[in-house]
Amino acid sequence: MRFDVVTLFPELFAPFLTTGITRRAFGSGAVDVHLFNPRDVAEGNYRRVDDRPFGGGPGMVMMAEPLEKTLNLIHQERGERAKVVLFSPIGRRLDHAQVQEWASSEGAILVCGRYEGVDQRFIDTHVDVQISVGDFVLSGGELPAMVLLDAVARLQPDVLGDADSHHFDSFNPALDGLLDCPHYSRPEVWAGQGVPEVLLSGHHLNIARWRRDQQLRITALHRPDLIDLARNHGRLSAQDEALLASIAIMAG
Ligand code: 9WO
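Reading guide: rules and limits
- Position labels on residues start from 1 in each chain and follow its written sequence.
- Residue-level local features of this predicted model are given only where pLDDT is at least 70; pairs of side-chain atoms are given and counted only at 80 or more, and the full residue set underlies all totals for whole chains, interfaces and linings.
- The basis for every side-chain value is the complete set of non-hydrogen atoms in the structure, without hydrogens or water.
- A domain assignment, automatic or from a database, supplies the domain bounds used here.
- Only Phe, Tyr and Trp rings take part, Trp by its six-membered ring, and two of them pair if their centres are within 6.5 Å. Stacked means planes under 30 degrees apart, edge-to-face means over 60, and tilted covers everything else.
- Numbering goes from the N terminus for both helices and strands, where a helix is a DSSP run of H or I of at least four residues and a strand is a run of E of at least two.
- Three labels apply to residues, based on accessible area from a 1.4 Å probe with only protein chains included: buried if under 20% of the type maximum, exposed if over 50%, partly exposed otherwise in between.
- Each axis is a line fitted through C-alpha atoms, taken for helices only over the stretch in contact, and angles between the N-to-C directions span 0 to 180 degrees.
- Should an angle fall under 35 degrees it is called roughly parallel, over 145 degrees roughly antiparallel, and 65 to 115 degrees roughly perpendicular, with every other angle called oblique.
- Whether two residues are in contact is decided by their heavy atoms: any pair within 4.5 Å suffices.
- Here a residue is near a molecule or strand as soon as one of its heavy atoms is found within 4 Å of it.
- Contacts described as polar in this section are N or O atom pairs within 3.5 Å, which, within protein, must combine one atom able to donate a hydrogen with one able to accept it, while residues neighboring in sequence count only if both atoms come from side chains.
- Accessibility throughout is a Shrake-Rupley quantity obtained with a 1.4 Å probe, and a residue counts as covered only by protein chains that appear here.
- Classification convention: Asp, Glu, Lys, Arg as charged; Ala, Val, Leu, Ile, Met, Phe, Trp, Tyr, Cys, Pro as nonpolar; all other residues, Gly among them, as polar.
- The directions from the helix axis to the C-beta atoms form the arc being described.
- In this scheme, a helix's expected span is set at 1.5 Å multiplied by one less than its residue total.

## Some details on the domain arrangement of the chain
Splitting the chain by domain gives domain 1 (2-153) and domain 2 (170-251). Taking only C-alpha atoms, the centre of domain 1 and the centre of domain 2 are 38 Å apart.

Here is the structure:
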């Protein structure tokens, strides 16, 4: 798939695209990322991409014209029409289900806003979908764009070292929408703290049951809403329900 990123700061993406386990997805073209700077198509000696807001007020607004010219360039290169995404707190909050949809799509054009915002006429004319990564304001849409690209890249086949370690992630269907269990590695005692005995036992069935119980406990404690969701989707066994009932009794 191909993602075109429209950003005034393309240099922010270089270390992200060339570091860590997702590097292979970006390097191999499995997730083909192209960067476009609206300043490159902006007019005049100063190549302005921003101007003062009508009605007054602080800050500057990203002008529609350089953004539209950039889109036209991208549409020409791509041939087929791609969805245009804007990252903004107005949008629907990104979740794993949406990430999976993007991961099996043809890609998209990701527009990263800066300054006080983007001229509304560009949004009305060209933006198909707005995506939020949370209820807070940032200084630009670049980090949200990297959030989406990272989440999509790690779902590509062959990206994770252990061929399917994402099958064990939180929010993966294989985890039944529960949070992940705790992890431990060497040394066996660190800062006076040992490792849960069962993990050293070599008893795989007991280990699997312990991990499942931990998932249930952690999810019940931190995200009880996800327990309800898993239950409503029929993802909890009788053994799971028994464990949850015992937790509820202990909690009073
Ligand atoms: C900011 C904003 C705040 C309240 C309601 C709507 C809003 N839209 C934007 C917006 O599009 N801002 C542009 C991108 C320009 C200023 C920096 N930008 C931005 C995006 N800040 N925060 C985000 C963002 C994107 C996705 N998820 C969380 C925050």
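From this point, things continue past the structure.
## Describing the packing of aromatic side chains
The tally for this structure, following the rule as stated, stands at 1 aromatic pair. Both rings, one in Phe16 and one in Phe26, keep their centres 5.4 Å apart while their planes meet at 55°; by these two values the pair is tilted. Note that Phe16 is positioned in helix α1 (residues 13-17) and Phe26 in helix α2 (residues 23-28), a separation of 10 residues in sequence. Here the two residues Phe16 and Phe26 agree in accessibility, since each one is buried.

## Things to note about the packing of helix α4 (residues 96-103) against helix α6 (residues 142-153)
Look at α4 against α6: their axes get within 9 Å of each other, and the N-to-C directions meet at 70°. Considering the angle they form, α4 stands roughly perpendicular to α6. In contact with Val99, Trp102 and Ala103 of α4, α6 contributes Leu148, Ala151 and Val152.

## Points about the site of the ligand
By nearness alone, 19 residues border the ligand, and Ser88, Tyr115, Val133, Phe136 and Leu138 come closest of all. Ser88 places a polar side-chain atom, nitrogen or oxygen, 3.4 Å from a nitrogen atom of the ligand. Leu138 places a polar main-chain atom, nitrogen or oxygen, 2.9 Å from a nitrogen atom of the ligand. Taking 580 Å² as the accessible area of the ligand by itself, protein coverage stands at 82%. Those elements giving two or more residues to the shell around the ligand turn out to be β5 (84-93) and β8 (129-132). Residue contributions to the shell around the ligand peak at 4 residues, all from β5. A breakdown of the residues in the shell around the ligand according to their chemical character gives 10 nonpolar, 7 polar and 2 charged.

## Observations regarding unusual backbone geometry
Of note, the amide linkage connecting Arg186 to Pro187 takes the cis form, showing an omega dihedral of 0°. Turning to its location among the elements, Pro187 is positioned in the loop between α6 and α7 (204-222). Although it is not a glycine, Tyr115 sits at a positive phi angle of roughly 60°. In this fold, Tyr115 is placed in the loop between β6 (107-111) and β7 (117-118). Its identity is not glycine, yet Ala191 carries a phi of approximately 50°, on the positive side. If you trace the backbone, Ala191 turns up in the loop between α6 and α7. Judged by relative accessible area, Ala191 falls into the exposed class, the value being 57%.

## Digging into α4
For α4, the set of buried residues is Gln98, Val99, Trp102 and Ala103. Viewed along the axis of α4, the buried residues span an arc of 140°, placing them on a single side of the element. As for α4, its buried residues are in contact with β1 (2-6), β5, β6, β8 and α6. The N-terminus of α4 is capped by Asp95, whose side-chain oxygen sits 3.3 Å from the backbone nitrogen of Ala97.

## Overview of helix α3 (residues 64-78)
With 15 residues, α3 ought to run about 21 Å at 1.5 Å a step, and its terminal C-alpha atoms sit 21 Å apart, in line with that. Here α3 has its buried residues at Pro66, Leu67, Thr70, Leu71, Ile74, His75 and Arg78. Positive phi shows up at Gly79, right after α3, with a value of about 80°.

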